[in-house]
Amino acid sequence: MIKSNNLITYGALGVLGIFGPILFPDYTLSIAYLWMMVLMASTWDTLGGQMGYNSLGNITFFGVGMYVSAIVQISIFYEGGMGEYTSAMGSIKPEFTDNEYFLGLYLGIICAGLVALILSIIFSSFMFGLRGPYFAIGSLGLAIAAAEITITVDYVGGASGISMPLFPGDIEFRSTFFYILCFLFAVAAHFLLRWLYSTQFGLAINAIRDDEDKAEAMGIPTLIYKRIGWGIAAFFMGCIGAVAGNMAGFIDKEVAYPIPTFGIFMVAMVLLGGKGTLWGPVLGAILFHVVKETTWTYLLNLQWIALGLILIINIVYFQQGIMGWLQDKFPERFGIVVDPSGTQADAKSEGDAK
Amino acid sequence: MSDPIIEVKNVSKSYGGVKANVDITMKVERGSITGIIGPNGCGKTTLFNSIVGYHPIDTGSISFDGDEISKLRVGDIARLGMLRTFQQTRIYNKMDCVDNMQISVSHRPDSKVSVFASRKGEIRERAEHLLEFVGLYSKRNLISGDLSFGQQKLLELAMALMNEPKALLLDEPTAGINPTLINGLIDRLRRANEELGITLCVIEHNMRVIMNLASHIYCLSNGQMLAEGKPSELQNDQRVIDAYLGGH
């Protein structure tokens, strides 16, 4: 049952992923943002849903990744260096060759992910002493601090931001290229998490969510699991931040640290779809994005009200989100049933008889 | 011949003005079942908490399997091989029973189960076997928080056994469990002790249970060690009768 459902879902998402931009070329970048939001929601859920640590600061890694990749892309192939580039405030437009551009971009994305990962390990040494609302507010503080620190550093353009290197190619190829990157990262994150949740790691973070003191008392080395969970989220957020910066073409504090939009959206999407499940964040992100794009197009000026309404209905009536509601309603579809065979041996012989 | 696995020496612990434990000395012999009894508020659970590192003790020393553990924290002590169950049963209540069991495997350095180990095969087999041992096999796919209190208690015991600890401290294992199930539980505790070689230390108010189960019993009163001895000795000890058992 679940297996065939899975195949249908993957099929549908695969068709959307591959044929979406071919059938609707005008919406390529919009669908790219959809995959980006799927990634953000899925990686947020690792801590927020599966582990019960509501981080409002994952957007920090997005911004840091964006800036790290800008530094890497510019400083390795522009002789003047990063300082000269940013102090010219966008008047310098270095001509990178195709090879230079793409090599710089790939290196930038990898470095962005790694720096974000290292940063998350440093943060985790003091952040995971906090629980509940203290962790949420503490992590929000990290994001705000990172944003404020960024604008004081002239090396990365301070408050006036950085113009990213120009994409060598026409505008359609540019959209398709960044679309593919977003899609691949979302797919990679999904399958990595899918595998992780099927291992002991998945159970350990669930145990931390349900009763961290009990988990400690049972000898689970909780800090290691928390670090791995946040590290994975940070790595992907760093990578996708690097991609997003290049998609935007120009980065500054607002683009890199969209705390009130993406920072909150990723939480809202997970709550909508159902936290602590593999598919909830994906479903939530898709629904949320579709509603957002539709209201932005047809209900302009009312779009925030529409989004707010959805959030309120979600929080008041469907706190467990769509997946959680389905599990409550149809537990047998999720395998939550009493087994009539009372013993392991009974179950085995029944299985053999079948 | 004495071979204690847990040794508590002159341990004191107070909360503000309350002296919960005063100069407690006791030991639990390897492979034994040891009981702790005493009136409510006499410091039994505080003593458990001190032993497993839940809070720092004021004075004294505690050793486990030869190592001084009074400065270690809960997780470190658990990874040495000593676990406790809680008076207020604690399980992972949003996970199903099998998952509760599978994550309870040993996390000691010699454990074969790693962070990224799969949840199929041997580990699942053992989880289901132990669920059958406590009579929860048919409920194994249910969310554990939906089980009855007694069943949760049994699940918590099974989780502790899944960990294969060297010593297990049980805080009122039979509280809230119906009489027929209590007999089964005593039987299971004894089998865990004999077949799996787990040393047990049990806090219990049910005299029938503890007198049957334990080979050696300590009685606390007002935070102090009142008496110790074999069950038959304690039953006839006038101090214990006055403080706890009461006259007939």
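Since the structure is predicted, the reported quantities are computational estimates derived from the model, not experimental observations. (Residues numbered from 1 in each chain as written. Chains lettered and ligands numbered in written order. Predicted model: local features only at pLDDT ≥ 70, side-chain atom pairs only at ≥ 80, totals over all residues.)

Sorry if this is basic, but what is going on with the overall build of chain A here?
Summing up its helical and strand segments, chain A has 16 helices and two strands in all. C-alpha extents for chain A along the principal axes are approximately 75 × 50 × 45 Å. Looking at chain A residue by residue over its 354 residues, the buried ones come to 46%. When contacts within chain A are restricted to residue pairs at least 6 apart in sequence, those whose partners lie at least 24 apart make up 78%. (Helix = DSSP H or I, 4+ residues; strand = E, 2+ residues; numbered from the N terminus. Buried ≥ 20, exposed ≤ 12 C-beta atoms within 10 Å, placed from the backbone. Contact = placed C-beta atoms within 7 Å.)

Looking at this structure, how should I read the overall build of chain B?
When helices and strands are tallied, chain B shows nine helices and ten strands. What you see for chain B is a C-alpha radius of gyration of 18 Å, in line with the 18 Å of a compact globule of 248 residues. Seen through its C-alpha atoms, chain B measures out along the principal axes to roughly 55 × 40 × 40 Å. (Rg over C-alpha atoms; globule rule 2.2 N^0.38 Å.)

Explanation requested: unusual backbone geometry in the structure shown.
For residues other than glycine, phi is negative in most cases, and the peptide bonds are mostly trans. Unusually for a residue other than glycine, Asp65(B) sits at a positive phi of about 55°. Structurally, the position occupied by Asp65(B) is in the loop between strand 4 (59-64) and strand 5 (67-68).

What exactly am I supposed to notice about the interface of chain A and chain B here?
Accessible area lost when the parts come together is the quantity often used to give the size of an interface. Tallying the contact residues gives 27 residues for chain A and 35 residues for chain B. Per element, the largest residue contribution to the side of chain A that touches chain B is seven residues, and it comes from helix 8 (residues 200-210) of chain A. Of the residues contributing to the side of chain A that touches chain B, the split by class is twelve nonpolar, ten polar and five charged. (Nonpolar A, V, L, I, M, F, W, Y, C, P; charged D, E, K, R; others polar.)

Even after reading the chapter, I still don't get the pairing of strand 10 (residues 224-229) of chain B, so can you show me in this structure?
Each regular strand displays side chains that alternate between the two surfaces of the sheet. Two strands pair when backbone bridges link them, and strand 9 (residues 216-221) of chain B and strand 10 of chain B are joined in this way by five bridges, in the antiparallel orientation. The partner of Leu220(B) across the bridge, within strand 10 of chain B, is Met225(B). (Pairing = 2+ DSSP bridges.)

Would you take a moment to explain the sheet that holds strand 9 of chain B for this structure?
Either a parallel or an antiparallel arrangement is found when strands of a sheet pair, and the pairing is made through backbone hydrogen bonds. All names here are of chain B. Across the sheet, six strands lie side by side as 6-7-8-3-9-10; this open sheet has mixed pairing. The strands lining the two open edges of the sheet, one partner per strand, are strand 6 (82-84) and strand 10. Within this sheet the neighbouring strands show an average axis-to-axis angle of 15°, counted without direction. Bridging between strand 7 (residues 167-171) and strand 8 (residues 199-203) involves five bridges; their strand directions are parallel. (Axes fitted to C-alpha atoms, helices over the stretch in contact; angles between N-to-C directions.)

What exactly am I supposed to notice about the sheet that holds strand 1 (residues 4-15) of chain B here?
Residue and element names in this part refer to chain B. Across the sheet, four strands lie side by side as 2-1-4-5; this open sheet has antiparallel pairing. At either end of the open sheet lies a strand with only one pairing partner, and these are strand 2 (18-29) and strand 5. With eight bridges joining them, strand 1 and strand 2 adopt antiparallel strand pairing. Bridged to Lys13 within strand 2 is Asn21.

Sorry if this is basic, but what is going on with the confidence of the model for chain B here?
Per-residue confidence for chain B averages 90 on the pLDDT scale, and 99% of its residues sit at or above 70. Confidence metrics for the complex model read pTM 0.90 and ipTM 0.88. (pLDDT = per-residue confidence, 0-100.)

What should I look at first to understand helix 6 (residues 179-195) of chain B in this one?
Working note: α-helix, 3.6 residues per turn, so residues spaced by three or four point in the same direction. All names here are of chain B. Along its 17 residues, helix 6 runs 24 Å from first to last C-alpha, staying within 8% of the 24 Å computed at 1.5 Å per residue. Buried within helix 6 are the following residues: Leu185, Leu189 and Ala192. Projection of helix 6 onto a plane perpendicular to its axis shows the buried side chains occupying an angular sector of 60°, all on one side. Along helix 6, exposed side chains directed more than 90 degrees from the buried face belong to Thr180, Asp187, Glu194 and Glu195. Where helix 6 is buried, its residues touch helix 5 (149-162), strand 8 and helix 7 (207-213). Following helix 6 by one or two positions, Gly197 has its phi on the positive side, about 70°. (Expected span 1.5 Å × (residues − 1). Arc of directions from axis to C-beta.)

Is there a simple way to think about the packing of helix 4 (residues 122-133) of chain B against helix 5 of chain B in this case?
The packing of two helices is summarised by the inter-axis angle and the distance between the axes. Residues and elements named next belong to chain B. At a minimum axis distance of 9 Å, the contact between helix 4 and helix 5 shows a crossing angle of 135°. It follows from the interaxial angle that helix 4 and helix 5 lie oblique. Crossing of helix 4 over helix 5 shows right-handed handedness. Of the residues in helix 5, those touching helix 4 at Ala127, Leu130, Leu131 and Phe133 are Ala158, Leu161 and Met162. Across the contact of helix 4 with helix 5, the residue classes break down as seven nonpolar, no polar and no charged. (Parallel < 35°, antiparallel > 145°, perpendicular 65-115°, else oblique. Left-handed = near helix turned anticlockwise from the far one by under 90°.)

Teacher, can you tell me more about helix 5 of chain B here?
Residue and element names in this part refer to chain B. Counted at 1.5 Å a residue, the expected span for helix 5 with its 14 residues is 20 Å, and the 20 Å between its end C-alpha atoms agrees. By the criterion of burial, helix 5 is predominantly enclosed, with twelve of the 14 residues buried. Of all the residues in helix 5, the buried ones are Gln151, Gln152, Lys153, Leu154, Leu155, Glu156, Leu157, Ala158, Met159, Ala160, Leu161 and Met162. Directly after helix 5, the chain includes Glu164, whose backbone phi takes a positive value near 50°.

For this particular structure, what's the right way to read the nonpolar core?
In summary, soluble globular proteins display a tendency toward joint burial of nonpolar side chains. By size, the foremost hydrophobic cluster in this structure holds 171 residues, and its most contacted members are Cys182(A), Val243(A) and Ala158(B). Ignoring sequence-local partners within four residues, the contact set of Val243(A) consists of Ile109(A), Phe178(A), Leu181(A), Cys182(A) and Phe185(A). (Core = buried A, V, L, I, M, F, W, Y, C linked by C-beta atoms within 7 Å.)

What am I meant to see in the environment of Phe86(B) here?
Residues and elements named next belong to chain B. The topology assignment puts Phe86 in the loop between strand 6 and helix 3 (97-102). Judged by the 18 C-beta atoms lying within 10 Å of it, Phe86 is partly exposed. Through-space distance from the C-alpha of Phe86 to that of Leu169 is 8.9 Å; in sequence the pair is 83 residues apart.

Sorry if this is basic, but what is going on with the environment of Pro165(A) here?
All names here are of chain A. Relative to the assigned elements, Pro165 resides in the loop between strand 1 (162-163) and helix 7 (171-197). Among the residues examined, Pro165 registers 23 C-beta atoms within 10 Å and is labelled buried. Excluding anything up to four places from it in sequence, Pro165 contacts Gln73, Ile74, Pro94, Phe96 and Tyr101.

Teacher, can you tell me more about the pairing of strand 3 (residues 33-37) of chain B here?
Residue and element names in this part refer to chain B. Where burial is concerned, most of strand 3 is hidden: five out of the five residues are buried. Residues Ile33, Gly35 and Ile37 line one face of strand 3 and the alternating positions Thr34 and Ile36 line the opposite face, and both faces are buried. Pairing between strand 3 and strand 8: four bridges, direction parallel. Bridge assignment links Gly35 to a residue of strand 8, and that residue is Val202. Pairing between strand 3 and strand 9: four bridges, direction parallel. Note on strand 9: the bridge partner recorded for Thr34 is His216.

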